[in-house]
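Now for the letters of each chain:
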Amino acid sequence: MRYLPHSDADRASMLATIGAAEVDSLFADVPDSAHLKGPIEGLPRMQSEIEVERHMSALASRNTGTSAAVSFLGGGAYRHHVPAAVDHLIQRGEFLTSYTPYQPEISQGTLQMLFEFQTMVSMLTGMEVANASMYDGSTAAAEAMSMACRVTGRNKSIISGGVHGHYRDILATQAKWTTQEVLLAPVDAQDTEDLTALIDANTACVMVQNPSSFGHLRDLSKLAEACQAKGALLVVIVTEVVSLGLLASPGSMGADIVVAEGQSLGNPLGFGGPYVGLFATREKYMRQMPGRLCGETVDANGKRGFVLTLSTREQHIRREKATSNICTNAGLCALAFTIHLSLLGEQGLKKLALLNHAKAVQTAEKLEAAGLRVINTGFFNEFTVDLGKPAAALVDKLAEKKILAGVPASRLYPEAKEVENLLIIAATELTTDADIYQLAEVLK
Amino acid sequence: MRYLPHSDADRASMLATIGAAEVDSLFADVPDSAHLKGPIEGLPRMQSEIEVERHMSALASRNTGTSAAVSFLGGGAYRHHVPAAVDHLIQRGEFLTSYTPYQPEISQGTLQMLFEFQTMVSMLTGMEVANASMYDGSTAAAEAMSMACRVTGRNKSIISGGVHGHYRDILATQAKWTTQEVLLAPVDAQDTEDLTALIDANTACVMVQNPSSFGHLRDLSKLAEACQAKGALLVVIVTEVVSLGLLASPGSMGADIVVAEGQSLGNPLGFGGPYVGLFATREKYMRQMPGRLCGETVDANGKRGFVLTLSTREQHIRREKATSNICTNAGLCALAFTIHLSLLGEQGLKKLALLNHAKAVQTAEKLEAAGLRVINTGFFNEFTVDLGKPAAALVDKLAEKKILAGVPASRLYPEAKEVENLLIIAATELTTDADIYQLAEVLK
Amino acid sequence: MSMNTQGRPTAPDLKVANVNDLPETVLGHKGLVFEEKLLFEQSSPGTCGVDLPLAPMVKSRLHVLKARESIGLPELAEPQVIRHYTRLSQKNYAIDTGLYPLGSCTMKHNPRLNEKMTRLAGLADLHPLQPASTTQGALQLIHELADWLMKLTGMPAVAMSPAAGAHGEYCGMLAIKAAIADKGEAKTRTKVIVPESAHGTNPATAASLGFTVVPVKAEADGRVRAEAVKAVLGPDVAAIMLTNPNTCGLFERDIIDIAMAVRAAGAYFYCDGANFNAIVGRVRPADLGVDCMHINLHKTFSTPHGGGGPGAGPVVLSERLAPYAPVPFVVKTGETLRLIEQTTEKEAAKSIGRLKGFHGQMGMFIRALTYCLSHGADGLWQASGDAVLNANYIASQLKTIMSQPYAGYCMHEALFDDTFLKDTGVTTLDFAKAMIDEGYHPMTMYFPLVVHGAFLIEPTESESKQAIDDFIKVMISLAKRARAGEADHFAAAPRFTPRARLDETRAARQPVLRWQASTLSKSGG
Amino acid sequence: MSMNTQGRPTAPDLKVANVNDLPETVLGHKGLVFEEKLLFEQSSPGTCGVDLPLAPMVKSRLHVLKARESIGLPELAEPQVIRHYTRLSQKNYAIDTGLYPLGSCTMKHNPRLNEKMTRLAGLADLHPLQPASTTQGALQLIHELADWLMKLTGMPAVAMSPAAGAHGEYCGMLAIKAAIADKGEAKTRTKVIVPESAHGTNPATAASLGFTVVPVKAEADGRVRAEAVKAVLGPDVAAIMLTNPNTCGLFERDIIDIAMAVRAAGAYFYCDGANFNAIVGRVRPADLGVDCMHINLHKTFSTPHGGGGPGAGPVVLSERLAPYAPVPFVVKTGETLRLIEQTTEKEAAKSIGRLKGFHGQMGMFIRALTYCLSHGADGLWQASGDAVLNANYIASQLKTIMSQPYAGYCMHEALFDDTFLKDTGVTTLDFAKAMIDEGYHPMTMYFPLVVHGAFLIEPTESESKQAIDDFIKVMISLAKRARAGEADHFAAAPRFTPRARLDETRAARQPVLRWQASTLSKSGG
Ligand SMILES: Cc1ncc(COP(=O)(O)O)c(C=O)c1O
Ligand SMILES: Cc1ncc(COP(=O)(O)O)c(C=O)c1O
């Protein structure tokens, strides 16, 4: 087997040193009834690279990837262009095959990168501090809810109807099985929601998404004030981080915690994961944050260096009193995010955001010209059209023509019959005029 | 422009330091008539990665690559499976973006690799020494001819009719424009050639290919003896290095110089280049070799290290007296070759060679069963069939069905009418039963 | 696996030990070892590493919102960014650069074929919300990996969506909670038994779901006895969370008895499968009686650790827990594959609900399936055998010079305590830092907590005999030096690294978690 | 470009300078800096890093030949091979790790997009002998790059097949030889004028084709005068080989006059285009009167140097040389592209013949076209401007502390001689080695030969102002130290590298060019 470096002679000599007759003898502690006498039946035997590649390629070829189709899919995962440099760098063995940087003297590479990541996330979200990543945006939202409960000592969270369906489901699951409670506001396709009235003295947090799942843009300042007045936290979810190049940051509108899905920068669609969760908050809540934190310090010679810090929040130190059970996070995806954002820089991100917006406006205009109704007043790179008939069936039919027309709202909110006719359409810098033309043709 | 790190402010400040008004002033020495005042017209302007990728992908999609077809093409370039590890490692910036290792203290990576490469090439060819690579097999052959002239002080080379058509053309070009002479033996499709009679006191070398361009295998010992008797060198060309895992090495048969095309190990087909030329010879001719050599030595602390050595053969030291004008060689392709061979190792290479042979035999058997005539008695992974009608036209027609049936002998030897009906067919470890079945179907 | 070096923060002496330590070079670079500033300190405003197509002129539809404020991102061109991250990478130790014996982490070879497969068109560019008709290959891939995991564990079901081991624990414990609730015992069964040697995620997970953690001690042989478990079992116990092989690298001999006792008591057996690499292909957890177990694909199945993640933590489930599996999951009917995404669908009627956006860590599934296919059942058998062989080979040669808390064969990791350092003035931490100078990433230290100054050494099956022999040689040499009274040698380590020991106390006391334009932090060199 | 360090072989003092130099660690590793044995010394026979499908059982057809003898290749598994080459790579300096001011080599940024494009299916897997109907995209790609090269040089034709600069020289000089022969002057025109500052490949190429090399001197300003050329021109002269910008980094002011004189004398003007990066997009060689010029795609067009190659050296040709272009070449008729592969075809009637197997360095063409498209004409204009700006910025700040042989603006590289080191006991070589300790790859040294102890510094356009400022700081500091009498500091350099100075004399006197099982060479540490 190409990955196993022992010859039979090596094994024999090592067994002789150990004083064991055979490898199986080392498994003496395994109860006889559970100790298999040979490889498990019913599974294939070892295969060459050639054979494995053939198998995997055959599987891949049974899919229609977005690059082989016309795609307007968004809904929390966006097809962006990732510069070639990103994928090159994240595959360097020193990044790819290292562990969590527990030995800082030989992990300054990962640590400095994490410090840069945290800084960038703080800047983007407009918050004071950020952690070293969560699994993804959706689980970061769940952690935010728990943190809000810890910070406020309350247990009820109000979840906006503009929050991504999956995120709402996750929060509901968490609430169902813990002492936390959620109040799921009705699905808010038309952007008419006003949550202020719901906030009360038991409210740990209000959680909203901006842009919303339907693409609506919100000024959250009022809501932030309302939260503050009642001692609740405002948690803002961002599923499309590129929007932060053009929209006022959640921090500037008064958010207390910001969680975001970082996939759009550096990470491929990859059928949904792995992605990277961003988590940022106010400095005063720093010690209530979940996840790892990288901090600056000095070494024994007084030189600047970085270490993992404030670990007394974490499971490996605090065990049942930890702020979260998270251990492995999304390191490599955070690296991809950081490198992509480094390449973009301030102006690059702003230009990218503008381009995304412009492509979406172009798409909306063409669809409107074709007679469709865009329900959004404002939007970033994603908006919703009312098809006047169930969207899912049409989307399925168009897929046969390799047109992925968008996400039917019913896919995210199957329980909300009133959104059945809505199609959520996203454009990015990769959207071409030809794509837009084709979409308008098939939807008109 | 994404690759240019100066802002306009940087440029202004640097110009101020220099004391120049603008960048154009620095070009003051350029005669006015040739000094353009702005970017050249008629060429496109800078483009984003997205746009460039689209353009290049569009070009690529106008080709039918061998992996999207049934391919039995060989003729000096072979489709082999390259392990994923190879392409990963050669893209590491430290290998990819370094220069020729002129500063050994910070080039031990490249140098040690070259030492390993030279050792492997010596072992494979059965020779005492090898250099650090040539452009490719074909130019290595031309260098071998020159070297044979230098070593023997003679100027006539006899080129076998089994040598690859391109190689013969190159040798003829070289002879045409220099004082060297070639005697091109008639194209030897049927393996009937006997060159011994042609060797005389003016013969610098006899150059043969094994396996021959038509796939024939030869025991060269007799020829070697004949050469030695006349003081001529025997130069052996190998265009399929994988064959060296199964066939007696040229060195063991008495070769004086061995040149080979190393593409088969580590390097993709890539429409013909870049490939890597292997060049090996006897120790006594070491100082007559062209190209770079890496040698072992010690550092000031007595530790083993490697340097480029015997450079007094080379153009940068010897100028018009150099053994060759070669400077840039095929470093990165040599690295790919070395890594692939490291992964294979002794047994892996032998198994790979055996598999190649077995696939070719399978193919030959199926074609024979379909009524075709294989003209070879023995072969490695490539053999020739006589179609009884011109091969080129049929090959062109089959290409429409995405079947690349082989190399028509007329493509390599257009002047030899007698080979017009011959089709040279190569199989490798990537040949499948389905490929063979399809080929037999369309050829029968 | 994690290490609580934090539990023993180091506050190195900040005086410069030696005047010779003054900068030896102008910029602090030393040959091929470069000082590298933060990216923010290298910004040249007005430059950019990405070019974009021109944006079409359109009328903005950004109604309502205020404009984006300045962000503060640095501006650099591509060459500078590539150099920055290339240089940073070189400051890392990695499997690709050396033996990485981090116990409980399974730092095995990460094949490049896995990476290549993940990047195939049709996989990398697949959107999670495409119609199922366009993703049949992807669903089949998940289905195939699920099949491998079920057959390797002998379990009838598997939840694929958890994002890592800890998330898998959360998933499994939720399933248990749901099963208990289904039996009407939600109020009564509130306790979870967790051995003291457990990884921190176990108690953290249990607590996050409102369970009370009941510790159970191991015996002198490092294993939990069935009796000890029975002693704490009762109608108030929901589950036991037991790691097997345990965090001491030992196989729990009583495991079948424990499983039977747990089941008899109406509780469930959560097995932490982080150490599955020791037994994969040789022992099926189902045959041990477990109810659920997470599998860290980033350990046993070779998906890369990536400097901390991402991972994937599928959870295999017993018949009695299977109905509670989270959504989404893949269902195959004939040749057609579907995703069950909602608890309203009949197949998911009892599902605990959704735990993660989309469908799980697909990129890791691709790698793990590639790994499985490459090895085959016979290769996995060989791999776990070699992993255990290597650990025992190390143990057999170090046990006389270091000190072993538990005798007998170990599984995939060799555990030592710090008894052999007694009175030497050398701590486990010091020893680890000296290993760094010798070119080795230290083992996991101070974990498991039950062993004093623990050294947990997991070589994995990827290391050659030659590499292991070298490692043993170094460990013996260091142990001898420690015992020879060279405490200073250890206290001053590491000497040869880009940074000497770092002041962790300062980092925690005056946390600086981000760069600031006005930051007081002085630059590298 | 090449440096003749060999011309001044170093034979360092082999006594261990200091007892403290005894091995500080058991295996010689120092933290992240690893000693790495030869692969052959790590072999474990019986292991293998590649698995293959089973070979079908067939009757061998290997008639005649004897069996393969033992080869001697080492046997390792994949993880060991990956670690080996990863470790080796870390012993290299590279553009990706630092400023690489190697004059005449144009060590500019090698974009990763180029690499990605080269690996596209449909390009990487294309066989060179496929029917043209299946390779239209590839032929179009060659055609497009040829178009760029012709437009950038203003020349009407280009030969694409040469494999590197030297091979391009061979191609161009052959074309000249053919043109001369065509005019019946083969016997008479046997001389080639080559300035003394020329790169070694120029005289080597001329000599390999049987020409006699006639040197011509430059004036005090580092440039060749038209008069000097005219003085050696005559009916016996076939060509001049002139580098422009020349190897001193200077633009040849008289170049147009020289071109006219050469043409008037019935000879040809071969321009060595290795330094085209200084003027690409700003000056078209056709406007200077050149007849042919090779272009090192691995310099000006950013294809990677790869530790020594591969490169590509297309040669642009004037109207009068175009008919002699080598086969193969691409011809486009309407939308259809064809390859002319044989001199028997009418389009190639006067062709010099074939120089290389297949069709040239396609992988480099892909990269170079990607580079051209990325930059556009405007980006190239900017790039050459920045390259020249950077060199002059360096020159302007170092000229007072170092010594400049030629005053005035330079092109893309700044040249210094060793006058400033006079009586310091420090040689250019010593200075270079001290730069290594400071984290820099040295500039090209001792080339061009016409300048004593030359320092040829080419920063390229890829370096930021900050990076260049740092470099200048280091150079100034070293120059001051040299002048301050710290010769020992330089003699002992480099100190911080994986190896100290290497004994090049020994390597040449007792050449060991390969490992041998019985080798006496002792291993690393
Ligand atoms: C024993 C054990 N359990 C659980 C975990 C948590 O797994 P993850 O890091 O994948 O969340 C680990 C990981 O370090 C572990 O070692
Ligand atoms: C001036 C000059 N001419 C010619 C060459 C030879 O080019 P190549 O190395 O591509 O053969 C070089 C390369 O170093 C050079 O610098």
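Residues numbered from 1 in each chain as written. Chains lettered and ligands numbered in written order. Predicted model: local features only at pLDDT ≥ 70, side-chain atom pairs only at ≥ 80, totals over all residues. Heavy atoms only, no water.

### Some thoughts on the overall build of chain C
Working step 1: In terms of helices and strands, chain C carries twelve helices and twelve strands.
Working step 2: Here the C-alpha radius of gyration of chain C, 26 Å, is about what a compact globule of 525 residues would show, namely 24 Å.
Working step 3: If one aligns the C-alpha atoms of chain C with their principal axes, the spans along those axes are about 75 × 70 × 45 Å.
Working step 4: The buried share of chain C, taken over its 525 residues, is 70%.
Working step 5: Here the analysis covers contacts within chain C between residues at least 6 apart in sequence; of these, 72% occur between residues at least 24 apart.
Working step 6: Carbon and sulfur atoms form 54% of the exposed surface of chain C, whose accessible area is close to 15,200 Å².
Working step 7: Between the averaged position of the 53 positive side-chain charges in chain C and that of its 52 negative side-chain charges there is a distance of 4 Å. (Helix = DSSP H or I, 4+ residues; strand = E, 2+ residues; numbered from the N terminus. Rg over C-alpha atoms; globule rule 2.2 N^0.38 Å. Buried < 20%, exposed > 50% of the residue type's maximum accessible area, 1.4 Å probe, protein only. Contact = heavy atoms within 4.5 Å. Areas by Shrake-Rupley, 256 points an atom, 1.4 Å probe, with all protein chains shown as cover. Lys, Arg positive; Asp, Glu negative; His and termini not counted. Charge placed at Lys NZ, Arg CZ, Asp CG, Glu CD.)

### A few points about the confidence of the model for chain C
Working step 1: Per-residue pLDDT for chain C averages 94, and the proportion of residues at 70 or more is 94%.
Working step 2: Contacts for the low-pLDDT stretch residues 1–9 of chain C, under 50 throughout, to residues beyond four places or in other chains number 41 contacts. (pLDDT = per-residue confidence, 0-100.)

### Regarding the pairing of strand β2 (residues 191–195) of chain D
Residues and elements named next belong to chain D.
Working step 1: The buried fraction of β2 amounts to four of the five residues, a majority that puts the element mostly inside the structure.
Working step 2: As paired strands, β2 and strand β3 (residues 212–216) are joined by five bridges and run parallel to one another. Counterpart to Lys 191 in the pairing with β3 is Thr 212.
Working step 3: Read from β2 through helix α5 (residues 201–208) to β3, the crossover connection turns out right-handed.
Working step 4: Of the strand pairs in this sheet, β2 and strand β4 (residues 237–243) are connected by three bridges, and their pairing is parallel. Opposite Lys 191, over in β4, you have Val 237 as the bridge partner. (Pairing = 2+ DSSP bridges. Right-handed = clockwise from strand over helix to strand, strands pointing away.)

### A closer look at the sheet that holds strand β12 (residues 455–457) of chain C
All names here are of chain C.
Working step 1: Taken together, three strands build an open sheet; the order of strands is β10-β12-β11 and the sheet is antiparallel. The sheet is open, and its two edges are formed by β10 (414–416) and β11 (444–445), each paired on a single side.
Working step 2: Sheet analysis places β11 next to β12, joined by two bridges and oriented antiparallel. Paired with Thr 444 across the two strands is Leu 456, which belongs to β12.

### What to know about the interface of chain D and chain A
Working step 1: Contacts between chain D and chain A engage 20 residues on the former and 19 residues on the latter.
Working step 2: With both sides pooled, the region where chain D packs onto chain A buries about 1,400 Å², and carbon together with sulfur makes up 59% of that total.
Working step 3: Counting across the interface, chain D meets chain A through one salt bridge.
Working step 4: When the shortest N-O distance is used, the salt bridge between D:Asp51 and A:Arg2 registers 2.8 Å.
Working step 5: On inspection of chain D and its partner chain A, the count reaches five residue pairs in polar contact (both at pLDDT 80 or more).
Working step 6: At the level of secondary structure, the elements contributing two or more residues to the side of chain D that touches chain A comprise α1 (78–89) and α2 (112–118) of chain D.
Working step 7: By residue class, the composition of the side of chain D that touches chain A is nine nonpolar, six polar and five charged. (Buried area = accessible area lost by both parts, 1.4 Å probe. Salt bridge = Lys/Arg side-chain N within 4 Å of Asp/Glu carboxyl O. Polar contact = N/O pair within 3.5 Å; in protein donor to acceptor, adjacent residues only side chain to side chain. Nonpolar A, V, L, I, M, F, W, Y, C, P; charged D, E, K, R; others polar.)

### Things to note about the pairing of strand β12 (residues 382–386) of chain B
Residues and elements named next belong to chain B.
Working step 1: Of all five residues that make up β12, four are buried, and the element is covered over most of its length.
Working step 2: Across two bridges, the pairing between strand β11 (residues 373–374) and β12 is antiparallel. Paired with Arg 373 across the strands is Asp 386, a residue of β12.
Working step 3: With five bridges connecting them, β12 and strand β15 (residues 422–426) associate as antiparallel partners. Directly across from Val 385, in β15, lies its bridge partner Leu 423.

### As for the side chain of D:Ser318
Working step 1: Structurally, D:Ser318 is set in the loop between β7 (315–317) and β8 (329–333).
Working step 2: With residues up to four places along the chain from it excluded, the contact list for D:Ser318 reads D:Met155, D:Pro156, D:Val290 and D:Asp291.

### Things to note about the pattern of salt bridges
Working step 1: For the coordinates displayed, the defined rule picks out 104 salt bridges over all chains.
Working step 2: Salt-bridge contacts for A:Asp29 lead to C:Arg223; the nearest nitrogen and oxygen are separated by 2.6 Å. In this pair, A:Asp29 sits in the loop between α1 (8–18) and α2 (49–61) while C:Arg223 sits in the loop between β3 (212–216) and α6 (226–232), so the two residues belong to two different chains.
Working step 3: With relative accessibility at 15%, the residue A:Asp29 sits in the buried group.
Working step 4: We note a salt bridge from A:Glu314 to A:Arg313, for which the minimum N-O separation is 3.4 Å. The same class applies to A:Glu314 as to A:Arg313, namely buried.
Working step 5: When salt bridges that share partners are traced, they join A:Asp29, C:Asp221, C:Arg223, C:Arg225 and C:Arg253 into one network.

### Topic: the sheet that holds strand β10 (residues 414–416) of chain D
In a beta sheet, neighbouring strands are held together by backbone hydrogen bonds and run either parallel or antiparallel to one another.
Residues and elements named next belong to chain D.
Working step 1: Here three strands make up an open sheet; going across it, the order is β10-β12-β11 and the pairing antiparallel. Each edge of the open sheet carries a strand with a single partner, namely β10 and β11 (444–445).
Working step 2: Examined bridge by bridge, β10 and strand β12 (residues 455–457) share three bridges and lie antiparallel to one another. By the bridge assignment for β12, Phe 416 is matched with Phe 455.

### Let's talk about the interface of chain C and chain A
Working step 1: Listed as interface residues are 225 residues of chain C and, on the opposing side, 203 residues of chain A.
Working step 2: With both chains or domains summed, chain C and chain A bury close to 18,400 Å², and 63% of this area falls on carbon and sulfur atoms.
Working step 3: Taken as a group, C:Arg61, C:Arg68 and C:Leu513 account for 5% of the area that chain C buries against chain A, more than any other trio of residues on that side.
Working step 4: At the junction of chain C with chain A, the criterion picks out twelve salt bridges.
Working step 5: A:Asp136 is the partner of C:Lys356 in a salt bridge, and the nearest nitrogen-oxygen pair spans 3.0 Å.

### So, the packing of helix α3 (residues 136–153) of chain C against helix α8 (residues 362–398) of chain C
All names here are of chain C.
Working step 1: Running from amino to carboxyl end, α3 crosses α8 at an angle of 45°, the nearest separation of the two axes being 10 Å. The orientation of α3 with respect to α8, classified from their angle, is oblique. As for how α3 packs across α8, the hand of that crossing is left-handed. Along its contact with α3, which presents Ala 138, Leu 141, Ile 142, Glu 144, Leu 145, Trp 148 and Leu 152, the element α8 presents Met 362, Phe 365, Ile 366, Ala 368, Leu 369, Cys 372, Leu 373, Gly 376, Ala 377 and Leu 380.
Working step 2: Looking at the contact of α3 with α8 residue by residue, the class counts come to 15 nonpolar, one polar and one charged. (Axes fitted to C-alpha atoms, helices over the stretch in contact; angles between N-to-C directions. Parallel < 35°, antiparallel > 145°, perpendicular 65-115°, else oblique. Left-handed = near helix turned anticlockwise from the far one by under 90°.)

### Focus on the packing of aromatic side chains
Working step 1: Enumeration according to the criterion identifies 30 aromatic pairs over all chains in this entry.
Working step 2: The interplanar angle of 75° and the centroid separation of 6.1 Å between the aromatic rings of B:Tyr275 and D:Phe358 together place this pair among those described as edge-to-face. With B:Tyr275 in the loop between β7 (257–261) and β8 (277–281) and D:Phe358 in the loop between β9 (336–340) and α8 (362–398), the pair connects residues from two separate chains.
Working step 3: In this structure B:Tyr275 comes out as buried when scored by relative accessible area, which is 1%.
Working step 4: Ring centres of C:Phe420 and C:Phe431 lie 5.8 Å apart, and the angle between their planes is 80°; on these two criteria the pair is classed as edge-to-face. Residue C:Phe420 is found in the loop between β10 and α9 (428–437), and its partner C:Phe431 is found in helix α9; the two are separated by eleven residues along the sequence. Each member of the pair, C:Phe420 as well as C:Phe431, is classed as buried.
Working step 5: Over the ring of C:Phe34 we find C:Arg87; its NZ or CZ atom is 4.2 Å from the centre of that ring. (Phe/Tyr/Trp six-rings, centres within 6.5 Å; stacked < 30°, edge-to-face > 60°. Lys NZ or Arg CZ within 6 Å of the ring centre and 35° of its normal.)

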